[in-house]
Amino acid sequence: MTAAVLGVIGGSGVYDLPGLEDIREETIASPWGEPSDALRIGRIGQTKVVFLARHGRGHRFSPTGINYRANIDVLKRAGVTDIVSLSACGSFRNELHPGLFVLVDQFVDRTFGRATSFFGNGCVAHVSFAHPVGPALQKRIAAAAEAEGISVHKGGTYVCMEGPQFSTLAESKHYKAANFDVIGMTNMPEAKLAREAEITYATIAMVTDFDCWHPSHDSVDVASVVAVARANAGRAAQLVARVALDFPAEREDCPAGSHRALDGAIMTAAAHRDPELVAKLDAVAGRVLNG
Ligand SMILES: CSC[C@H]1O[C@H](OP(=O)(O)O)[C@H](O)[C@@H]1O
Ligand SMILES: Nc1ncnc2[nH]cnc12
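- As annotated in an unreviewed UniProt entry, the chain carries the name S-methyl-5'-thioadenosine phosphorylase and is attributed to Methylorubrum thiocyanatum.
- Under Catalytic activity (unreviewed entry), UniProt gives the following word-for-word description of the chain: "S-methyl-5'-thioadenosine + phosphate = 5-(methylsulfanyl)-alpha-D-ribose 1-phosphate + adenine".
- Quoted verbatim from the Subunit (unreviewed entry) field of UniProt, the annotation for the chain is "Homohexamer. Dimer of a homotrimer."

## A short note on the confidence of the model for the chain
Inference 1: Taken as a whole, the chain shows an average pLDDT of 97; of its residues, 100% reach a score of 70 or greater.
Inference 2: Across the interface, the model reports ipTM at 0.99; the global pTM reads 0.98.

## What to know about the site of ligand 2
Inference 1: Ligand 2 sits among 13 residues. The nearest are Cys89, Gly90, Thr208, Asp209 and Asp211.
Inference 2: Taking Asp209, its side chain carries an N or O atom lying 2.6 Å from a nitrogen atom of ligand 2.
Inference 3: Relative to its unbound accessible area of 260 Å², ligand 2 is 94% covered by the protein chains.
Inference 4: Taking a 2 Å distance to the grid points as the criterion, the majority of the atoms of ligand 2 fall inside the largest pocket.
Inference 5: Counting only elements with at least two residues in the shell around ligand 2, the list comes to strand S5 (82-91), strand S10 (182-184) and strand S11 (200-209).

## Points about the UniProt feature "binding site: phosphate" (unreviewed entry) in the chain
Inference 1: Sequence positions flagged by UniProt for "binding site: phosphate" (unreviewed entry) are, in local numbering, Ser12, Arg54, His55, Ser87, Ala88 and Thr186. Their sequence span is 175 residues, while the largest C-alpha to C-alpha distance among them is just 12.2 Å; these annotated residues converge on one region. Lining residues of the largest pocket, restricted to the annotated ones just named, are Ser12, Arg54, His55, Ser87, Ala88 and Thr186.
Inference 2: Among the secondary structure elements, Ala88 is positioned in strand S5.
Inference 3: On the basis of relative accessibility, which here comes to 19%, the residue Ala88 falls in the buried class.
Inference 4: Those residues in contact with Ala88 that sit more than four places away from it in its chain are Ser12, Ile183, Gly184, Met206, Thr208 and Val225.
Inference 5: Dropping the residues within four chain positions of it, Thr186 is found in contact with Arg54, His55, Pro63, Ile66, Tyr68, Ser87, Arg114, Tyr158 and Cys160.

## Comments concerning the UniProt feature "site: Important for substrate specificity" (unreviewed entry) in the chain
Inference 1: UniProt's entry tags Ser167 and Val222 with the feature "site: Important for substrate specificity" (unreviewed entry), counted in the numbering of this structure. Despite a sequence span of 56 residues, these residues sit close together in the fold, their greatest C-alpha distance being 12.8 Å. As for the lining of the largest pocket, the annotated residues named previously contribute Val222.
Inference 2: One can find Ser167 in the loop between strand S9 (157-161) and helix H3 (169-177).
Inference 3: Excluding anything up to four places from it in sequence, Ser167 contacts Met161, Ser172, Tyr175, Ile183, Asp211 and Cys212.
Inference 4: Note on placement: Val222 falls in helix H5 (residues 222-245).

## Here's the deal with the packing of aromatic side chains
Inference 1: Under the criterion given, the structure shown has 6 aromatic pairs.
Inference 2: Here the aromatic rings of Tyr175 and Phe180 are separated by 6.0 Å at their centres, their planes lie at 35°, and the arrangement is tilted.
Inference 3: When its relative accessible area of 2% is taken as the criterion, Tyr175 is described as buried.
Inference 4: For Phe180, a relative accessible area of 16% puts it in the buried group.
Inference 5: Following the ring pairs from residue to residue traces out a cluster consisting of Phe92, Tyr175 and Phe180.
Inference 6: The residue whose ring lies beneath Arg235 is Phe101, and the NZ or CZ to ring-centre distance is 4.5 Å.
Inference 7: Above the ring of Trp32, the side-chain terminus of Lys280 is found at 4.2 Å from the ring centroid.

## Some words on the site of ligand 1
Inference 1: The immediate surroundings of ligand 1 are formed by Gly11, Ser12, Arg54, His55, Pro63, Ser87, Ala88, Phe166, Gly184, Met185, Thr186 and Val225.
Inference 2: Contact between ligand 1 and Arg54: an oxygen atom at 2.9 Å from a side-chain N or O atom of the residue.
Inference 3: Between ligand 1 and His55, the relevant distance is 2.5 Å, taken from an oxygen atom to a side-chain nitrogen or oxygen of the residue.
Inference 4: In the complex, the protein chains occlude 92% of the 390 Å² of accessible area that ligand 1 would expose alone.
Inference 5: The site holding ligand 1 turns out to be the largest pocket.

## Details of the pairing of S11
Along a regular strand, successive side chains alternate from one face of the sheet to the other.
Inference 1: Buried residues dominate S11, accounting for 10 of its 10 residues.
Inference 2: As paired strands, S5 and S11 are joined by 9 bridges and run parallel to one another. Counted as the bridge partner of Gly90 is Asp209 from S11.
Inference 3: Summarising the sheet, strand S6 (residues 101-103) and S11 pair through 2 bridges and their orientation is antiparallel. The residue of S11 that forms the bridge with Phe101 is Met206.

About the criteria used
Residue indices follow the written sequence of each chain, beginning from 1 at its first position. Chain labels run from A onward and ligand labels from 1 onward, assigned in the order the entries are written. Per-residue local features are limited, in this predicted model, to residues with pLDDT of at least 70; the limit for side-chain atom pairs, both in listing and counting, is 80 or more; totals at the level of whole chains, interfaces and linings are taken over all residues. To obtain the side-chain values, all non-hydrogen atoms of the structure were included, while hydrogens and water were left out. UniProt positions are given in the numbering used here, feature names are shortened, and annotations may be inferred rather than shown by experiment. Values of pLDDT, which run from 0 to 100, indicate the predictor's confidence residue by residue. In this text, near means that some heavy atom of the residue lies within 4 Å of the molecule or strand in question. N or O atoms within 3.5 Å of each other form a polar contact, as long as, within protein, one can give a hydrogen and the other can take it, and as long as residues adjacent in sequence are counted only when both atoms are side-chain atoms. Calculation of accessible area relied on Shrake-Rupley with a 1.4 Å probe; when residues are assessed, cover is drawn exclusively from the protein chains displayed. A cavity, in this analysis, means grid points on a 1 Å lattice covering only the protein atoms where a 1.4 Å probe fits yet has no way out; a pocket is instead an open set bounded by protein on both sides within 12 Å along at least five of seven lines, and a residue lines either one if it has an atom within 4 Å of a point. A cavity or pocket is said to hold a molecule if more than half of that molecule's atoms lie within 2 Å of its grid points. Under the DSSP-based scheme used, a helix requires at least four consecutive residues in state H or I and a strand at least two consecutive residues in state E, with every element numbered from the N terminus. Think of it in three bands: residues with accessible area under 20% of the maximum for their type are buried, residues over 50% are exposed, and the middle band is partly exposed, with areas taken using a 1.4 Å probe on protein chains only. It only takes one pair of heavy atoms within 4.5 Å for two residues to be counted as in contact. Between the rings of Phe, Tyr and Trp (Trp by its six-membered ring), a pair exists once the centres lie within 6.5 Å; its type follows the angle of the planes, with under 30 degrees stacked, over 60 edge-to-face, and the other angles tilted. We call a charge positioned above a ring when the Lys NZ or Arg CZ atom is no farther than 6 Å from the ring centre and deviates by at most 35 degrees from the ring normal. By the convention used here, strands pair only if DSSP detects at least 2 bridges between them.

Next up, the structure:
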């Protein structure tokens, strides 16, 4: 049995987690470099919860500058089995209005300046990623929202852009025409790396703006994103607390297979693996490399 540990990654405007108790800060070293911040490890009810501020306290890291591999690696080292990502996003649909939480279930990756895998030459792996969000974890978030009277929209596609500039009008119209629902700058490669690390991942995409396609709303700017994100932070913490209070003690199997994503995924023959890379994969892939 594996004990369930809930990881929470806080995005723009979410730099701590009210409700977390018995907190201790831990700086965990990672062979992948510096994570965004120290982990805050505590509990909500009986559930161990590990919080990480994605951009670091004081918002020190840009979407491109975040070391996503180190972040996921230290969460894995802390025993995290499931990640709830709290992320500000723009919306491409009238009904997904600022203030609404969207439980996205798909991602489109338009980033180009980031390390997107723990694997590579010397240890090649290909994980399944058709269903990037853990359906059982997403159901738990939806149930928690219902219990707390917080309205959420279930399902949607989050397109991840490189940034840091917001989209042009042509890009915004293009994403809308492509039927994408929301846009942000951080969930890729975060979700990909979580899958490689066999951590179940789900996002609460908190709508802060209508990007720039909407004829009767101003184009997005940081001030409005931050104002809405701050106004949402309390409800996000309430939602996460309910998820934690109702969380199982043991890790559940993920219907999308995230708990065993590395089964059969590593292509490189044992005799041909790069020992240096294999050493760096001790936390992320230890189950299959040493097991
Ligand atoms: C502050 S506006 C753009 C910024 O907000 C979102 O951050 P996060 O996903 O960490 O909540 C977006 O992805 C950009 O990084
Ligand atoms: N419109 C937008 N585009 C990209 N990232 C965002 N984060 C919040 N709003 C956003």
